[in-house]
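Survey of secondary and tertiary structure
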Amino acid sequence: MRLFLSFGVFILSCVALGGTLIFYSNGVLYVENRELDGEMVVEIPQGMNVQSVWGADFWYVQDPLNFTDLEKSLRGKRIGLVDAPKNGEIVSVEPLVIRDKNRFFLYNPELNRWITFEIEEPRRKLIVKGRGTVRLVFSSPGGWAAQYRFFENGFLEGDVTLSVQGVPSGDVYLVSASVCKALEEGILQSETARVYRVGEVRELDKNPTVNLFRKNVEEHGRYYKYAFDVREKGFDREWSDRFIYFRAPADMPRGVLHYVSRVGDVDFPSFCAEIFDAPAGSLVEIYECKSPEVVVSGKILRMRNYDRYEEYIWKVTVKNEKTEKVLVKIEVLGYDLELISSDVKPSTEEANKMIFDIQVSEKSEKSFQFYTRCKRW
């Protein structure tokens with residue numbers, strides 16, 4: 001209950017200025033404030049369903065289709081006869097009516113056939129009773145998708161494409177989670193979901209693409225990485241992994257980033273990668289490719305086994321075949337690692353991982369040794 005209430009508090013805080021659209025990865029909630037003094041009739045937006053009405057004494061949905069008199073209303077209209085509909089939803093039992101999108105199927109027991117037809121379905125209506133401020137919550141299919149273009153000169157732009165039915169405009173928020181996950185966990189307390197405000201957006205019925213930001217990234221570059229287990233027997237001239245990194249210049253909802261390179265006089269996407277929620281100022285690291293230009297070799301100089309732990313002295317050599325200086329991260333993995341000594345101080349030292357940052361000049365190589373202890377499995 002606490003999580004659901006936190007989700008409700010978020011919606012209440014969003015709707016103070018009017019209609020609000022909360023986009024999830026697989027659906028949309030539309031929230032609208034209304035002042036009520038007695039009974040109110042509201043047309044439900046096309047393609048939407050009523051999720052809830054908060055603050056009302058009583059509410060229900062009225063379906064304007066009268067299926068009892070449906071056969072009378074079909075007189076003079078063009079119909080078809082079929083043996084049975086292939087799929088659809090039951091919207092009436094007496095008489096039996098199945099709806100598949102805009103087409104209806106009415107079963108006629110005398111003919112033992114189905115009458116198929118199309119009619120312009122009138123808007124369903126929401127009947128609300130109460131006093132004071134009520135909040136109407138509608139749900140709709142839809143969602144959002146974020147796309148980023150990162151240029152090699154450090155310019156970054158982000159866009160989000162919005163998809164929703166039945167609402168032409170509103171104050172838009174993005175939630176990086178599914179509707180069910182947010183309702184279960186509570187989006188204000190979930191560690192896996194973030195909320196982003198896009199602002200007022202019009203012409204939502206056209207599925208617009210809205211710009212989130214266009215900014216220069218001050219800190220960006222590349223580094224190379226190679227990871228190995230401290231118990232390995234050694235390796236020779238292994239290719240490294242190449243990464244691009246930068247500080248997020250603004251809040252970045254999860255999406256797809258396209259890295260754009262200059263080819264002649266044309267900017268052309270060279271690769272793309274998925275990124276996850278990145279708050280402004282956080283470090284974003286994107287895997288680019290395997291690199292044969294920066295290779296790593298390693299050998300064990302000494303190994304000793306004890307009852308509860310093992311000791312290793314490693315020599316690692318990094319060779320840079322590029323014509324520019326590179327940063328290489330050597331990641332050493334193991335169980336309950338303890339660093340005894342090293343030529344290079346690690347930038348990260350954890351129980352099961354150590355990372356050494358090695359700067360290697362152009363067309364050169366650099367070696368270092370480290371002495372470590374780890375527990376036996």
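An account of the accompanying structure is given in this report. What you see is a predicted model; the values in this text were computed from it and never measured.

1. A short note on the sheet that holds strand E15 (residues 209-216)
The strand order across the open sheet built from 5 strands is E15-E12-E11-E18-E19, with neighbouring strands paired in mixed fashion. In the strand order of this sheet, the two ends are held by E15 and strand E19 (266-275), each with one partner. Across the sheet, the mean angle from the axis of one strand to that of its neighbour is 20°, orientation sign disregarded. Pairing between strand E11 (residues 142-151) and strand E12 (residues 155-164): 9 bridges, direction antiparallel. Across the sheet, the residue bridging to Ala145 is Thr161, located in E12.

2. Let's talk about the sheet that holds strand E23 (residues 338-342)
Ordered in space as E23-E26-E21-E20-E17-E16-E22-E25-E24, the 9 strands form an open sheet in which the pairing is mixed. Of all the strands in the sheet, just E23 and strand E24 (348-349) have a single pairing partner and so form its edges. Where strand E16 (residues 220-229) and strand E22 (residues 326-333) come together, 6 bridges link them in parallel fashion. Within E22, the position partnered with Tyr224 by the bridge is Val328.

3. What to know about the packing of aromatic side chains
Summed over all chains, the structure comprises 21 aromatic pairs. Ring centres 6.1 Å apart and planes at 45° place the aromatic pair Phe151 and Phe155 in the tilted group. Judged by its relative accessible area of 11%, Phe151 is buried. Looking at Phe155, the relative accessible area reads 24%, which means it is partly exposed. Of the aromatic side chains, those joined through ring pairs into one cluster are Phe150, Phe246, Tyr259 and Phe271. The side chain of Arg302 reaches across the aromatic face of Tyr371, ending 5.3 Å from its centre.

Definitions and cut-offs
Residues numbered from 1 in each chain as written. Predicted model: local features only at pLDDT ≥ 70, side-chain atom pairs only at ≥ 80, totals over all residues. Heavy atoms only, no water. Pairing = 2+ DSSP bridges. Helix = DSSP H or I, 4+ residues; strand = E, 2+ residues; numbered from the N terminus. Axes fitted to C-alpha atoms, helices over the stretch in contact; angles between N-to-C directions. Phe/Tyr/Trp six-rings, centres within 6.5 Å; stacked < 30°, edge-to-face > 60°. Buried < 20%, exposed > 50% of the residue type's maximum accessible area, 1.4 Å probe, protein only. Lys NZ or Arg CZ within 6 Å of the ring centre and 35° of its normal.

Nothing here speaks to function; it is geometry throughout.
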